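Summary of the model geometry
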Amino acid sequence: MSKCRICGGEVREFFDFGRQPISDAFIRPSAIGTEHFYRLVVGFCTSCTMVQQFEEVSRDRMFPTDYPYRSSGSAVMREHFEQIAERYLKTELTGPDPFYVEVGCNDGIMLGVIQAAGVRHMGVDPAEEATAVAAAGGSRVHVGFFEESTAVGIRASEGPAQLIFSANTISHIAYIDSVFAGAGALLDEGGIFVFEDRYLGDIVEHTYFDQIYDEHFYLFSVRSVQAMAQRFGFDLVDVEHLPVHGGAMRYTTARAGERTPTPAVTEWLAKEREQGLADEATYKDFGARIEANCDNLKSLLVRLEAEGHTVAGYGATSKSATVTNYCGIGPELIPFVCDSTAEKQGRVTPGSRIPIRPPAAFSDPYPDYAVLFAWNHAEEIMAKEREFRAAGGKWILYVPDVHIV
Ligand code: DWN
Ligand code: SAH
Ligand code: ZN
């Protein structure tokens, strides 16, 4: 049992992934053996229903200045952020001198659209090398962690913000009380704090178990976000389900009483009751499916190796750390994984130590099978690598279950 970070209630364990590494710590081969490990146990709060981890990994370990993830690595995500930026430019950033703040701006694929429209803005992210790309594109960034003190400083120097936006970041922040206190200090009257993160309903329904890793301290649902917002003086006023990253939810919050919740909030609360997202039995069933997927993936790879087939991985994702380390999959079963991120190439995956090679290695020569660790980009990747299947290659996916396409 653990105490809920949001409401202090009882958090009941539903899965233990054991000893896990820092998921984005893609190290040089010479650094093998220096990795940091922690115990990845996840549970749900019996009071506010927030799904959360039992152990908080230090933010400095997870998000160092050379944090390797780059948002711009996916054309689909670039398009996704351009669309939402255009919407806010027409709806929320329309006043005489609007000010936009983005938490977790990374390499600035969203920030750059706001900047190009001539709107005052500030990106906040501790990943200095990623933010340097945003700054090189002309965006203003603050290198550091968004929390109450940061927000107070930005308000003092820049004035109030009409929109604070964050994608795939707020669920990464265990000290979320300080984030909401910061939003309260920084937002203009009537302003909104919007964040989108992978959605618990999709993770449970489609067994996206690898979305559980160190950075994803929380797995949000509409009900748990509504409870969290209210606890911190905000209202959840709109929710929007998104197709990206296997299924995500965009949560719009405003200071309590400043905006009227849309019907979408009550509709999704009803859907979650239907799905049983607050029931222990749902998580027991989820855990059983995780075990089955991992057993089936491991035995498939062992069989393919024994039969002399060649296998490669595709996409050195953070989420692959959970899969490879929990299933005990290393270079003996997947000799290499290819990835388009220059900062990851030449390194090895955390804990499982699978060498990472550039995309060109994938077709030199094609393997018989490829495990798609970046399954959330399947459409984009399978289109890019259509020659692979034309040459007789087969993709192995492990969500929603282990299957070959
Ligand atoms: O939540 C998070 C998301 C936004 O990004 C963070 N906690 C960390 C990170 O998670 P991830 O690494 O699982 O994200 P992706 O977007 O699934 O990673 C895709 C990986 O695959 C990247 O390393 C880039 C690579 N890739 C590739 O090699 N060829 C991606 C595409 C689209 C490709 O065509
Ligand atoms: N928003 C981008 C990047 C998500 S990866 C996208 O959706 O693709 C998560 C990002 O959050 C990383 O760049 C990490 O450095 C950043 N981050 C983590 N904690 C943060 C905090 N407290 N404040 C600002 N950024 C943070
Ligand atoms: Zn709680």
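**A closer look at the site of ligand 1**
Neighbouring ligand 1 are 27 residues; Glu 215, Lys 319, Asp 339, Lys 344 and Lys 384 lie closest to it. Arg 198 is positioned such that a nitrogen or oxygen atom in its side chain is 3.4 Å from an oxygen atom of ligand 1. Interatomic distance of 2.8 Å between a side-chain N/O atom of Lys 344 and an oxygen atom of ligand 1. Within the complex, the protein chains bury 96% of what would otherwise be the 710 Å² of accessible surface of ligand 1. Two domains each donate at least three residues to the shell around ligand 1, and these are domain 2 (71-271) and domain 3 (281-404).

**Considerations on the packing of aromatic side chains**
For any pair of aromatic rings, the description consists of the separation of the ring centres together with the inter-plane angle of the planes. Summed over all chains, the structure comprises 29 aromatic pairs. Where Phe 193 meets Phe 195, the ring centres are 5.1 Å apart and the plane angle is 45 degrees; that geometry is what we call tilted. Measuring from ring centre to ring centre gives 4.8 Å for Phe 217 and Tyr 218, while their planes differ by 90 degrees; the resulting arrangement is edge-to-face. Taken individually, Phe 217 and Tyr 218 each receive the classification buried, so the pair is uniform in this respect. Of the aromatic side chains, those joined through ring pairs into one cluster are Phe 180, Phe 193, Phe 195, Phe 217, Tyr 218, Phe 220, Phe 232, Phe 234 and Tyr 251. The ring of Phe 37 has Arg 19 sitting right over it, with the charged end atom 3.6 Å from the ring centre. A cation sits over an aromatic face here: Arg 59 above Phe 145, 4.1 Å from the ring centre.

**Some points on the side chain of His 80**
With respect to the secondary-structure elements, His 80 resides in helix 2 (residues 75-91). Polar side-chain contacts of His 80 include one of 2.6 Å to the side chain of Glu 196. Excluding residues that lie within four positions of it along the chain, His 80 makes contacts with Glu 196, Leu 242, Val 244 and Arg 250.

**Thoughts on the nonpolar core**
Grouped burial of nonpolar side chains is what soluble globular proteins tend to show. Among the nonpolar cores identified, the biggest contains 110 residues, and Phe 193, Phe 220, Val 222, Tyr 251 and Trp 395 are the most heavily contacted of them. Element by element, the count of residues in this core is highest for helix 10 (residues 280-306), at eight residues. If we skip the residues at most four places from it in the chain, Phe 193 touches Ile 164, Ile 170, Val 179, Phe 180, Ala 183, Leu 187, Phe 234, Tyr 251, Thr 252 and Thr 253. Within the second largest apolar cluster, 25 residues are counted, among which are Ile 84, Tyr 100, Val 194 and Ala 254.

**Details of the sheet that holds strand 4 (residues 51-53)**
The strands making up a sheet associate through hydrogen bonds between their backbones, and the pairing can be parallel or antiparallel. Ordered by their spatial adjacency, five strands build an open sheet running 1-2-3-4-10, and the pairing between neighbours is antiparallel. Both outer strands of the open sheet, strand 1 (2-3) and strand 10 (218-219), are each paired with one neighbouring strand and no more. With three bridges connecting them, strand 3 (residues 37-45) and strand 4 associate as antiparallel partners. When the bridges of strand 4 are listed, Phe 44 appears paired with Val 51. The strands touched by helix 11 (residues 320-327) within the sheet are strand 2 (10-21) and strand 3, with strand 2 carrying the most contacts at an inclination of about 80 degrees.

Calculation notes
- Residues numbered from 1 in each chain as written.
- Chains lettered and ligands numbered in written order.
- Predicted model: local features only at pLDDT ≥ 70, side-chain atom pairs only at ≥ 80, totals over all residues.
- Heavy atoms only, no water.
- Near = heavy atom within 4 Å.
- Polar contact = N/O pair within 3.5 Å; in protein donor to acceptor, adjacent residues only side chain to side chain.
- Areas by Shrake-Rupley, 256 points an atom, 1.4 Å probe, with all protein chains shown as cover.
- Domains from an automatic or database assignment.
- Phe/Tyr/Trp six-rings, centres within 6.5 Å; stacked < 30°, edge-to-face > 60°.
- Buried < 20%, exposed > 50% of the residue type's maximum accessible area, 1.4 Å probe, protein only.
- Lys NZ or Arg CZ within 6 Å of the ring centre and 35° of its normal.
- Helix = DSSP H or I, 4+ residues; strand = E, 2+ residues; numbered from the N terminus.
- Contact = heavy atoms within 4.5 Å.
- Core = buried A, V, L, I, M, F, W, Y, C linked by side-chain atoms within 4.5 Å.
- Pairing = 2+ DSSP bridges.
- Axes fitted to C-alpha atoms, helices over the stretch in contact; angles between N-to-C directions.

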